Amino acid sequence: MTNVIIASDSFKGSATSVEIADYLETGIHNADPATIVQKVPIADGGEGTVYCVIKATNGQLLSTKVCGPLGDTVTATWGMIDNQTAIIETAEAAGLTLVNNELDVDRASTYGVGQLIKTALDHGAKTIYVGLGGSATNDGGVGMAQALGGHFYDSDGHELQHGAEALSRLETIDLAGLDERLTTTEVIGLSDVNNPLTGENGATRIFGPQKGATEAQITVLDAALNRLANLVNTTYDVDLANVFGAGAAGGLGYGLLAFCQGKIRSGIQEVIKLVKLDEKMLDATLVVTGEGQIDGQSLGGKVPIGVAALAKEHRLPVVAIVGSIGAKAEGVYERGIDLVLSTTNRPMSVQDAISQAPELVKQAGFNLMKAIQLGKKLQDNLQSQTEESRGAG
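Keep in mind that what you see is a predicted model, and the values were worked out from it rather than measured.

**Here we look at the overall build of the chain**
- Across its full length, the chain holds 13 helices and 15 strands.
- Over its C-alpha atoms the chain spans a radius of gyration of 23 Å, differing by no more than 12% from the 21 Å that the globule rule assigns to 393 residues.
- Its C-alpha atoms give the chain principal-axis dimensions of about 95 × 45 × 35 Å.
- Classification of the 393 residues of the chain by burial places 52% in the buried group.
- By sequence separation, contacts in the chain at least 24 residues apart represent 72% of the contacts at least 6 residues apart.
- Within the structure as shown, the chain displays about 17200 Å² of accessible surface, and the carbon and sulfur contribution to it stands at 48%.
- For the chain, the centre of its 28 positive side-chain charges and the centre of its 46 negative side-chain charges are spaced 6 Å apart.

Structure representation (structure tokens):
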């Protein structure tokens, strides 16, 4: 009997990872009701990470009002995995989805992320996971540090306003007022990228355009982050700008390292551990994973590659069901994925694909099981022919 594990990321803009798993399960059972399905919604530090982990660990889902990326009040969902372990998302407090098409990378701040960290500390957290995906910000984590008691001054001794643009005027850093509980708390950033803070592969150059940054702004903002890193270096004698993931979330990764004595880890690898996916693969015969678009960037630490790597340790076949297949996607076949199936089964606009996601994903699950059934028939026929030829001999 086929035992399928579904461990897919969300399809951004279309469906959450929980919904994707439900749709695939429906399609699979429409083709073969006897198939056993285990659903393990998963994420890599971006949108939906909190919900996936809290659901898998039977933790407590909470919400807190914080300052959004552009200064308005938003309600951010976060969670307590147990009474000493919290998980929060940058996307919930400083995410692109919160700016309502009013992209303003100069002004966007991570202040609300700092407020969430403080709230987790107030709940007794000694370990805090911070998902770093989906940010609208480029402030190097300075807003976060301000919310936790850090001070950043210009040449006149005035506190910097929130946002990346203000970093161009940064002259002095004072971290003496940082929440002292951070010294006894492990802060772990969950990243799906390994970019440094600045430069050609840094936070601003690579991710700034999707946050609305023009070419002129990119030059200014990258220089501002470089100014921040240089000042941290000279003030505190720490060089962290090139650490894995420092450029994640507009440099929030760097902020966690510099201001919270934090660590940056692969988001998908940490989430895999938290949801105990390894244990759940022990009885599986097939692993189904996926994301909204699979392409060359998926190789850098996205959900399908992380899931596939674990599946291969268990010698399991892996199918990735995705919304679309992008450039350089063929590289995923060298990283443990055996088959990629797109849910887009005919020419359609992006909006149509989003609106029709439930039926398209269900159909993909149905088609997958039909393909498996065909494979079994072919195998049976080959075995039968082999036995007949041996008998005739």
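From this point on, the discussion continues.
**Regarding the pairing of strand S13 (residues 318–322)**
- Most of S13 is tucked away: 5 of the 5 residues are buried.
- Of the two faces of S13, the one lined by Val318, Ala320 and Val322 and the one lined by Val319 and Ile321 are each fully buried.
- Relative to strand S15 (residues 339–342), S13 runs parallel, the two being bridged by 4 bridges. Bridging from a neighbouring strand, valine 322 pairs with serine 342 of S15.

**Here we look at the environment of isoleucine 321**
- Residue position: isoleucine 321 is located in strand S13.
- On the accessibility criterion, isoleucine 321 (1% relative accessible area) is buried.
- On a C-alpha basis, the gap between isoleucine 321 and serine 342 in space is 5.8 Å, while along the polypeptide they are 21 residues apart.
- Residue contacts for isoleucine 321: discarding those within four places in its chain leaves Phe11, Leu24, Val288, Thr289, Gly290, Glu291, Leu341, Thr343, Ala364, Gly365 and Leu368.

**Focus on the environment of methionine 80**
- By the secondary structure assignment, methionine 80 is in strand S4 (residues 73–82).
- According to the relative accessible area criterion, methionine 80 is buried, its value standing at 6%.
- Taking C-alpha positions, methionine 80 is 21 Å from glycine 134, a pair spaced 54 residues apart along the chain.

**Here's the deal with the sheet that holds strand S11 (residues 286–289)**
- Across the sheet, which stays open at both edges, the 5 strands sit in the order S2-S1-S11-S13-S15 with parallel pairing between neighbours. The sheet is open, and its two edges are formed by strand S2 (36–39) and S15, each paired on a single side. Averaged over all adjacent pairs, the angle separating strand axes in this sheet is 20°, with direction ignored.
- Across 3 bridges, S11 lies against S13 in parallel orientation. In the sheet register, valine 287 faces S13, and the bridge partner there is valine 318.
- Strands strand S1 (3–6), S2, S11 and S13 of the sheet are contacted by helix H1 (residues 17–31), whose axis makes an angle of about 175° with S2.

**Side note on the nonpolar core**
- Core analysis: the largest hydrophobic core is formed by 56 residues, its most contacted members being Ile117, Val130, Phe152, Leu228, Tyr254, Leu256 and Phe259.
- With 8 residues, the single largest contributor to this core is helix H8 (residues 248–259).
- Discounting chain neighbours no more than four positions away, the residues touching leucine 228 are Asp139, Gly140, Val142, Phe152, Leu167, Leu170, Ile173, Tyr254 and Phe259.

**Details of the packing of helix H7 (residues 215–236) against H8**
- With their axes 12 Å apart at the nearest point, H7 and H8 run at an angle of 10° to one another. When the axis of H7 is compared with that of H8, the two are roughly parallel. Taking contact as the criterion, the partners of Leu228, Ala229 and Val232 in H7 are, on H8, Tyr254, Ala258 and Phe259.
- Among the residues making up the contact of H7 with H8, the classes are represented as 6 nonpolar, no polar and no charged.

**Comments concerning the environment of valine 18**
- Locating valine 18 in the fold gives a position in helix H1.
- Residues valine 18 and alanine 7, spaced 11 residues apart in sequence, show a C-alpha to C-alpha distance of 9.4 Å.
- Look past the residues within four positions of valine 18 in its chain and what remains in contact with it is Pro41, Tyr51 and Lys55.

**Observations regarding the packing of aromatic side chains**
- Under the definition given, this model contains 1 aromatic pair.
- Look at phenylalanine 152 and phenylalanine 259: their rings are 5.4 Å apart centre to centre, the planes differ by 75°, and that puts the pair in the edge-to-face class. Residue phenylalanine 152 is located in strand S7 (residues 151–153), and its partner phenylalanine 259 is located in helix H8; the two are separated by 107 residues in the primary sequence.
- In this structure phenylalanine 152 comes out as buried when scored by relative accessible area, which is 0%.
- Judged by its relative accessible area of 1%, phenylalanine 259 is buried.

**Examining the side chain of asparagine 3**
- Looking at the element boundaries, asparagine 3 is found in strand S1.
- Among the polar contacts made by the side chain of asparagine 3, one reaches the main-chain carbonyl oxygen of aspartate 283 at a distance of 3.2 Å.
- Once residues lying within four places of it in the same chain are set aside, the contact partners of asparagine 3 are Ile36, Gln38, Asp283, Ala284, Thr285 and Leu286.

**What about the pairing of S1?**
- Burial along S1 is two-sided: Asn3 and Ile5 and Val4 and Ile6, pointing in opposite directions, are all buried.
- Inspection of the sheet shows S1 paired to S2 by 4 bridges, in the parallel sense. Counterpart to isoleucine 6 in the pairing with S2 is lysine 39.
- Looking at chain direction, S1 and S11 are connected through 3 bridges and run parallel.

Conventions adopted
- Residues numbered from 1 in each chain as written.
- Predicted model: local features only at pLDDT ≥ 70, side-chain atom pairs only at ≥ 80, totals over all residues.
- Heavy atoms only, no water.
- Helix = DSSP H or I, 4+ residues; strand = E, 2+ residues; numbered from the N terminus.
- Rg over C-alpha atoms; globule rule 2.2 N^0.38 Å.
- Buried < 20%, exposed > 50% of the residue type's maximum accessible area, 1.4 Å probe, protein only.
- Contact = heavy atoms within 4.5 Å.
- Areas by Shrake-Rupley, 256 points an atom, 1.4 Å probe, with all protein chains shown as cover.
- Lys, Arg positive; Asp, Glu negative; His and termini not counted.
- Charge placed at Lys NZ, Arg CZ, Asp CG, Glu CD.
- Pairing = 2+ DSSP bridges.
- Axes fitted to C-alpha atoms, helices over the stretch in contact; angles between N-to-C directions.
- Core = buried A, V, L, I, M, F, W, Y, C linked by side-chain atoms within 4.5 Å.
- Parallel < 35°, antiparallel > 145°, perpendicular 65-115°, else oblique.
- Nonpolar A, V, L, I, M, F, W, Y, C, P; charged D, E, K, R; others polar.
- Phe/Tyr/Trp six-rings, centres within 6.5 Å; stacked < 30°, edge-to-face > 60°.
- Polar contact = N/O pair within 3.5 Å; in protein donor to acceptor, adjacent residues only side chain to side chain.

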